[in-house]
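# Structure at a glance
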Amino acid sequence: MFADLFKRLTAPDPAPLSDTDARVALGALLVRIARTDGTYDPDEKAQIDAVLMSRYGLSDTDAQALRAECEAAEAEAPDTVRFTRAIKDAVLYDDRMGVIEALWTVVMADGKRDKAEDALLRMVAPMLGVSDQDSHKARLRVSSDG
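The following paragraphs examine the structure supplied in this document. Residue positions within a chain follow its written sequence, with the count starting from 1. Selection of residues for local features in this predicted model requires a pLDDT of at least 70, selection of side-chain atom pairs for listing and counting requires 80 or more, and totals for whole chains, interfaces and linings are taken over all residues. Computation of side-chain values covers all heavy atoms of the structure but excludes hydrogens and water.

## Overview of the packing of aromatic side chains
The criterion, for reference: Each aromatic pair joins two rings of Phe, Tyr and Trp (for Trp, the six-membered one) with centres within 6.5 Å, and gets the label stacked for planes under 30 degrees apart, edge-to-face for over 60, and tilted for any other angle. Geometrically, a charge over a ring is one whose NZ (Lys) or CZ (Arg) sits within 6 Å of the ring centre while staying within 35 degrees of the ring normal.
Per the stated rule, a full pass over the model turns up zero aromatic pairs. Lying across the ring of Tyr 40, Arg 35 places its NZ or CZ 5.0 Å from the centre. Cation over ring: Arg 139 sits above Trp 104, and NZ or CZ is 5.9 Å from the ring centre.

Take a look at the structure:
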């Protein structure tokens, strides 16, 4: 179902993503970080919905439908390295900073920083072209444990 999206994302010189494709790709990355610790709980799903509603101006129902699409896309997505690098090439820096903030909100959704989620986010940020310092600042902006 998402093969064409991933083919375009992993092309040698990817074109900027359409708004719809960008929503699915970025949402799938949120789902991937949430599933990293082996659990995908209601708090994480609710946080992904909140990110999608805020970022794209969606209703709760539309955000849940988009999340379901993103969950399916994540299951079909290539390995995290290729997937993340492809997003980097297709998404503007300011949008990628917003993605890092959103990823941190998902990591913190269950009230704890899981080591597996934390490690994946520390790997993903530089692949998105976001420095460790900027990722740290993003985490501080979205967490209460600053």
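## Structural notes on the environment of Arg 139
Heads up, the rule is: Comment: elements are numbered from the N terminus, with helices defined as DSSP H or I runs of at least four residues and strands as E runs of at least two. Exposure classes here rest on a 1.4 Å probe applied to the protein chains alone. A residue is buried below 20% of its type maximum, exposed above 50%, and partly exposed in between.
Looking at the secondary structure, you find Arg 139 in helix H8 (residues 132-142). Residue classification places Arg 139 among the buried residues on the basis of a relative accessible area of 7%. In the structure, Arg 139 is positioned 38 residues away from Glu 101 in sequence and 6.4 Å away in space, judged by C-alpha atoms.

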